[in-house]
Amino acid sequence: MVGAGVLGLPYAMSELGWEVGIAVLLLSWIITLYTLWQMVEMHEMVPGKRFDRYHELGQHAFGEKLGIWIVAPQQLVVEVGLNIVYMVTGGQSLQKFHDVICDDKCKSKDIKLPYFIMIFASCHFVLSQLPNFHSISGVSLAAAVMSLCYSTIAWIASVQKGKPADVHYGLRSTTTPGKVFGFFGALGDVAFAYAGHNVVLQIQATIPSMSDKPSKKPMWKGVVVAYIIVAVCYFPAALVCYWAFGNGVDENILVTLRKPKWLIALANMMVVVHLIGSYQVYAMPVFDMIETVLVRKFGFRPSLMLRLIARSVRLCRVHSVRSHHLPVLQCTAQLLWRICLHTDDVFSSLHHVAHNIQTQNFQHLMVYQLDLHCPRCFADGTVTDRWTSADHLESQDILLLPVNMINSTQNPRFVS
């Protein structure tokens with residue numbers, strides 16, 4: 001939940017000022033928590049069915065064809081764009097770590113940013129072969145711990161530095177157009193700091209569900225804990241760092257902080273570890289889409305070789321795009337992420353309202369969710385954790401109905 005965007009919140013405060021900045025931080029926390037609650041509730045809103053993918057929810061809301069075209073492009077733009085931003089930011093943090101450690105003693109001080117980005121990208125050729133969300137739980141946990149650590153280091157180091165006598169809290173821009181663009185840019189920076197909506201359905205799909213113990217209960221508890229941690233990380237980092245540096249703060253607070261050197265170097269390495277884990281979380285749904293298309297549309301057999309080739313080619317492609325368009329790519333990716341984040345929230349709210357006014361024809365007695373990523377064995381000895389749409393229906397949506405509700409149109413596989 002805690003994204004690297006927390007490092008840009010002090011800069012957003014410098015564009016908004018104290019009053020507006022605090023109001024925006026509070027509203028964004030409340031709004032994103034509310035829309036995340038909507039996603040958790042809608043995961044099982046249809047009796048006997050679970051929406052394990054974002055595009056499945058879109059298809060239910062807007063129709064089979066229209067839903068996929070509304071949701072899938074936005075989801076891909078958000079996830080691929082965020083992967084590119086994380087790759088660039090990871091390279092920048094590695095470069096900052098190198099420069100702080102070397103100081104003026106290293107002859108290699110002038111290593112350019114693309115080389116650090118290549119170093120950051122290299123580890124993902126290994127980690128991307130992990131098959132599913134279960135397998136990256138350790139990486140994700142390490143990323144969460146690192147994000148809590150470096151955001152805490154940022155505001156504690158700011159407190160230690162203290163507020164200089166010449167600090168100014170006025171808006172960074174002095175012209176009207178500059179203030180307007182700065183205001184909207186700051187809103188985008190705050191929105192960029194919040195993450196999790198785009199993968200919440202996949203995460204909830206890994207939680208078993210029964211009629212008396214639906215998955216939304218433990219999922220919501222996890223969301224509440226996560227958002228408490230978000231508040232602990234975001235609000236002190238934004239407010240304390242802005243108090244210490246005013247409108248002289250940089251876009252990345254760790255760039256503004258220069259002492260103590262060992263602590264800033266440690267914080268930058270923590271950012272790198274966090275971005276490695278976050279990259280995998282947002283890359284996993286894209287890998288799933290690619291492999292699903294290859295299996296269902298092109299007839300490839302699910303296997304380790306398919307995963308190795310498909311994911312490696314995708315990583316090479318993302319890194320190639322980054323290399324050719326580095327000067328503008330990060331800003332463009334952030335802009336697209338911000339647009340799609342708010343559009344997803346709008347769709348989520350509209351669909352939630354529409355669902356509340358629908359009538360239910362029957363209530364199910366029991367729905368049990370099997371593990372989404374159970375291994376599946378084929379006759380030729382290959383094993384895959386990928387499931388087709390038919391497999392999903394057969395293994396996950398087990399619906400028990402009263403006998404008087406059974407009719408000839410029902411598939412006997414779902415009735416007991």
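Let me sum up the structure you'll find in this document. (Residues numbered from 1 in each chain as written. Predicted model: local features only at pLDDT ≥ 70, side-chain atom pairs only at ≥ 80, totals over all residues. Heavy atoms only, no water.)

1. A look at helix 8 (residues 176-193)
For step 1, the next point in the chain: In a regular helix each residue adds 1.5 Å, so 18 residues correspond to 26 Å; helix 8 covers 26 Å between its end C-alpha atoms and thus fits that length.
For step 2, the next point in the chain: Where helix 8 is concerned, the buried positions are Gly178, Gly182, Ala186, Gly188, Asp189, Val190, Ala191, Phe192 and Ala193.
For step 3, the next point in the chain: One side-chain oxygen at the N-terminal end of helix 8 lies 3.2 Å from the backbone nitrogen of Gly178; it belongs to Thr175. (Helix = DSSP H or I, 4+ residues; strand = E, 2+ residues; numbered from the N terminus. Expected span 1.5 Å × (residues − 1). Buried < 20%, exposed > 50% of the residue type's maximum accessible area, 1.4 Å probe, protein only. Polar contact = N/O pair within 3.5 Å; in protein donor to acceptor, adjacent residues only side chain to side chain.)

2. Considering the environment of Tyr11
For step 1, the next point in the chain: If you trace the backbone, Tyr11 turns up in helix 1 (residues 9-16).
For step 2, the next point in the chain: Sequence-wise, Tyr11 and Asp189 are 178 residues apart; in three dimensions their C-alpha atoms are separated by 8.5 Å.
For step 3, the next point in the chain: The residues touching Tyr11, leaving out its near neighbours within four places in the chain, are Arg172, Asp189, Val249, Asp250 and Glu251. (Contact = heavy atoms within 4.5 Å.)

3. Some details on the pattern of salt bridges
Close approach of charged atoms lets side chains of opposite charge pair.
For step 1, the next point in the chain: Within the structure shown, the criterion is met by four salt bridges.
For step 2, the next point in the chain: Salt-bridge contacts for Arg311 lead to Glu291; the nearest nitrogen and oxygen are separated by 2.7 Å. Taken together, the positions of Arg311 in helix 13 (residues 304-324) and Glu291 in helix 12 (residues 261-296) put the pair 20 residues apart, joining distant regions of the chain. (Salt bridge = Lys/Arg side-chain N within 4 Å of Asp/Glu carboxyl O.)

4. Describing helix 2 (residues 18-42)
For step 1, the next point in the chain: With 25 residues, helix 2 extends 36 Å between its outermost C-alpha atoms, agreeing within 8% with the 36 Å of an ideal straight helix rising 1.5 Å per residue.
For step 2, the next point in the chain: Buried within helix 2 we find Gly21, Val24, Leu25, Ser28, Thr32, Leu33, Thr35, Leu36, Gln38, Met39, Val40 and Met42.

5. What to know about the packing of aromatic side chains
For step 1, the next point in the chain: One pass over the full model with this rule turns up nine aromatic pairs.
For step 2, the next point in the chain: Ring geometry for Tyr86 and Tyr282: centres 6.4 Å apart, planes at 75 degrees, overall edge-to-face. In this pair, Tyr86 sits in helix 4 (residues 64-102) while Tyr282 sits in helix 12, placing the two residues 196 residues apart along the sequence. When sorted by exposure, Tyr86 lands in the same class as Tyr282, which is buried.
For step 3, the next point in the chain: Taken together, a centroid distance of 5.4 Å and an interplanar angle of 75 degrees make the contact between Phe183 and Phe184 edge-to-face.
For step 4, the next point in the chain: On the basis of relative accessibility, which here comes to 31%, the residue Phe183 falls in the partly exposed class. (Phe/Tyr/Trp six-rings, centres within 6.5 Å; stacked < 30°, edge-to-face > 60°.)

6. A closer look at the environment of Phe116
For step 1, the next point in the chain: When you line up the elements, Phe116 lands in helix 5 (residues 113-122).
For step 2, the next point in the chain: Taking the relative accessible area as the measure of exposure, Phe116 reaches 6% and is therefore buried.
For step 3, the next point in the chain: Through-space distance from the C-alpha of Phe116 to that of His98 is 9.4 Å; in sequence the pair is 18 residues apart.
For step 4, the next point in the chain: For Phe116, the residues in contact, after removing those within four places along its chain, are Gly91, Leu94, Gln95, His98 and Ile111.

7. A look at the packing of helix 2 against helix 10 (residues 216-245)
Helix packing geometry: the angle between the two helix axes and the distance between the axes.
For step 1, the next point in the chain: In contact at an axis separation of 11 Å, helix 2 and helix 10 are set at 165 degrees when each is read in the N-to-C sense. In terms of their interaxial angle, helix 2 and helix 10 are classed as roughly antiparallel. The two elements helix 2 and helix 10 cross, and the hand of that crossing is right-handed. Contact residues: Trp18, Ile22, Leu25, Leu26, Trp29, Thr32, Leu33, Leu36, Trp37, Val40 and Glu41 in helix 2; Lys216, Met219, Trp220, Val223, Tyr227, Val230, Ala231, Phe235, Ala238, Leu239, Tyr242 and Trp243 in helix 10.
For step 2, the next point in the chain: Split into classes, the residues belonging to the contact of helix 2 with helix 10 amount to 20 nonpolar, one polar and two charged. (Axes fitted to C-alpha atoms, helices over the stretch in contact; angles between N-to-C directions. Parallel < 35°, antiparallel > 145°, perpendicular 65-115°, else oblique. Left-handed = near helix turned anticlockwise from the far one by under 90°. Nonpolar A, V, L, I, M, F, W, Y, C, P; charged D, E, K, R; others polar.)

8. Looking at the nonpolar core
For step 1, the next point in the chain: Leu9, Tyr150, Tyr234, Ile253 and Leu254 are the most contacted members of the largest nonpolar core, which totals 80 residues.
For step 2, the next point in the chain: For this core, the leading source of residues is helix 12, giving 14 residues. (Core = buried A, V, L, I, M, F, W, Y, C linked by side-chain atoms within 4.5 Å.)

9. What about the packing of helix 2 against helix 8?
For step 1, the next point in the chain: At their nearest, the axes of helix 2 and helix 8 sit 10 Å apart, and the two run at 35 degrees to each other. Pair helix 2 / helix 8 crosses with right-handed handedness. On helix 8, the residues touching Val20, Val24, Leu25 and Ser28 of helix 2 are Phe183, Leu187 and Val190.
For step 2, the next point in the chain: Looking at the contact of helix 2 with helix 8 residue by residue, the classes come out as six nonpolar, one polar and no charged.

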